[in-house]
Amino acid sequence: MSSNNQPLTATKKRFRTEIEGLRAVAALLVAIYHIWLGNVSGGVDVFFVVSGFLITTSLLGRVQKEGKIDIIDFILGLAKRLFPAAFFVLLVVTVASMLWLPQVQWAQTLQEIFASAFYYQNWQLAFNAVDYLAQNNEASPVQHFWAMSIQGQFYLLWPTVVFGLALIMRKLFNMKLKTTLTTVLLTVFTASLTYSIYLTSTNQAFAYFHTFTRVWEFALGGIVAIIGSQIVLRKSISFIIGWIGLLAIVLCGIILQVSTVFPGYAALWPTVAAIFIILAGNNGGTFGVHRFLSLKPLAKLGNLSYALYLWHWPILVFYFIISGKETVPLLDGLIIIFASITLSYITTNLIEKPIRSMKKESPKWKRGSVVIACMVPVVLTASLWANQINKAEAELANLVENEEYPGALEVFSNNVVEDVPVLPTPLQAQNDLPKVYEDECHQSLEDSEVIACEYGETDNPEYTVALVGGSHSAQWLPALEEFAQEHHKTVEVHLNMYQRILRHWHSYRVSYHEILIDDCLDETIRKNLINKRNYHRQKLNEMHQLSPHQ
């Protein structure tokens, strides 16, 4: 060890400017990858590690100073920092969605606004990812709140469960708090990472948004917060791992297909890279990575990184909707980033800081009232919008008896229907679904037993009609059911929304043609059989790729 070696964390607390710069880089990468590359960067995973590091450090300091954690005080302090910007963005997005979003996206977006406001958006998206009716949802302007939701759940989990267990173990086994806390965090890290690898391999779409496949990332940051002060690195080592960490974070989304392989073992890439930068600290010398990350522009942008993350996505979504473009030109992308940074500066300085600067000595009820006041406008506006959507859906039931809308009966009628507004509206049509969905009368990927339902005359039918297929076949059920009731027939429904029947058919044709190819002696016929085999194999591969994924 050289004489220039120094502990990672000094006895006295110091402001880690390079971590502000790291947050700025992570936020910019998230925006850049979304805007121009249409991909995921791994920047969110960096945020998770940094949050684990900072919150563990904060909570540990509270325990060492006060001997306990005032959970209510801790949560109110976090809410004071997080709620103002988050709920202001949610309010603006809610109003903008009512004005500019296509009606077919209203119900989905409203559902996600409530999920974001109450910090369960990640679970909303996780279950939508494996829901046939929701798997092809357009990306909503608040989809990115899934990361905020996981972070919010982490803020509740850490002081209650993690530190709670550590404090209990300290009393039971008469151990030092750092020792018990490290043990708990290592257990959380191992269990969560193991589960993350397993679930990512079996159901990646669900795992991507799952809280417990991501907890290990916070735990990793927490472990470094505890043991980091005991790690002493040579200046040369700090220099090397610091720059390796930054380079790895920048290249992560280019080399890895983050949206399809995370958060299993692949997520170790950006998280370990972030740990390298934290461990390198300010010990990398004149040209260490901390010098770059501590540059004033990056440090100031790091202070805006939270609001920047909140703003960039809805601006991008509304850009696509209003412009009608499918990609973002360079200049337009730069304008989106500039607008996001400008709004982030305004939000941080005019909305977040005045509330965050409220004195800690203020009564809890007063601080709590301010926090709740941030939520009220969003919940109220979203509720009024929900009422409008519910009224439109209720009107759908009255359309059947409306003589101005005879549908196909107009062909057999002498009455001329004047021009009237198109009904159902896109908003109403979105949820105008056959009852098989409400009855859950369709196969899912998890169903091993065949699901069958009967409609129409089920007691003494003259004969039974089988309705077999996928979602396209399901659309015929309302007409067939009415016919069956009128003519004393039964409609027996066998529906597979993931087209398992066609998968079996294409799989069978591949095997069938391979047998014929092996036995065929005529070269011309053999080539024809190979082409047919390849066609069915391609279709089979396409259907596998259509499995629910997000």
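This is a predicted model, so every value here is computed, not measured.

Draft legend 1. Focus on the overall build of the protein chain. When helices and strands are counted, the protein chain shows 23 helices and five strands. Classification of the 550 residues of the protein chain by burial places 47% in the buried group. With the model as given, the accessible surface of the protein chain reaches about 28,600 Å², and the carbon-plus-sulfur share is 61%.

Draft legend 2. Molecular detail of the environment of valine 92. By the secondary structure assignment, valine 92 is in helix 3 (residues 71–100). Valine 92 sits 222 residues away from proline 314 along the chain, and the two C-alpha atoms are 9.6 Å apart.

Draft legend 3. Focus on the packing of aromatic side chains. Scanning the model with the defined rule gives 20 aromatic pairs in all. With a centroid separation of 4.7 Å and 35° between ring planes, the pair formed by phenylalanine 48 and phenylalanine 218 is classed as tilted. Highlighted residues: phenylalanine 48 in helix 2 (residues 43–66) and phenylalanine 218 in helix 9 (residues 215–227), separated in sequence by 170 residues. Both residues of the pair, phenylalanine 48 and phenylalanine 218, count as buried. Between tyrosine 208 and phenylalanine 209, the ring centres sit 5.1 Å apart and the planes meet at 75°, which makes this aromatic pair edge-to-face. Considered together, tyrosine 208 and phenylalanine 209 belong to a single accessibility category, that of buried residues. Three or more aromatic residues link up through ring pairs in this structure, and these residues are Phe48, Trp146, Phe154, Tyr155, Trp158, Tyr208, Phe209 and Phe218. Above the face of the tyrosine 208 ring, arginine 214 is positioned so that its terminal group lies 4.8 Å from the ring centre.

Draft legend 4. Geometry of the pattern of salt bridges. For the structure on display, the rule yields ten salt bridges. For arginine 23, the salt bridge is made with glutamate 20, and the minimal N-O distance between the two is 2.6 Å. Of this pair, arginine 23 and glutamate 20 both sit in helix 1 (residues 17–37), separated by three residues, roughly a single helical turn. According to the relative accessible area criterion, arginine 23 is partly exposed, its value standing at 22%. Note on glutamate 20: relative accessible area 10%, which makes it buried.

Draft legend 5. The packing of helix 6 (residues 145–173) against helix 7 (residues 177–202), seen in detail. Put simply, helix 6 and helix 7 touch, their axes get as near as 8 Å, and they point 125° apart. Judged on the interaxial angle alone, helix 7 and helix 6 are oblique. Considering the relative orientation of helix 6 and helix 7, their crossing is right-handed. Contacts between helix 6 and helix 7 involve Trp158, Val162, Phe163, Leu165, Ala166, Leu167, Met169 and Arg170 from the former and Leu177, Thr180, Leu181, Thr183, Val184 and Leu185 from the latter.

About the cut-offs
- Residues numbered from 1 in each chain as written.
- Predicted model: local features only at pLDDT ≥ 70, side-chain atom pairs only at ≥ 80, totals over all residues.
- Heavy atoms only, no water.
- Helix = DSSP H or I, 4+ residues; strand = E, 2+ residues; numbered from the N terminus.
- Buried < 20%, exposed > 50% of the residue type's maximum accessible area, 1.4 Å probe, protein only.
- Areas by Shrake-Rupley, 256 points an atom, 1.4 Å probe, with all protein chains shown as cover.
- Phe/Tyr/Trp six-rings, centres within 6.5 Å; stacked < 30°, edge-to-face > 60°.
- Lys NZ or Arg CZ within 6 Å of the ring centre and 35° of its normal.
- Salt bridge = Lys/Arg side-chain N within 4 Å of Asp/Glu carboxyl O.
- Axes fitted to C-alpha atoms, helices over the stretch in contact; angles between N-to-C directions.
- Parallel < 35°, antiparallel > 145°, perpendicular 65-115°, else oblique.
- Left-handed = near helix turned anticlockwise from the far one by under 90°.
- Contact = heavy atoms within 4.5 Å.

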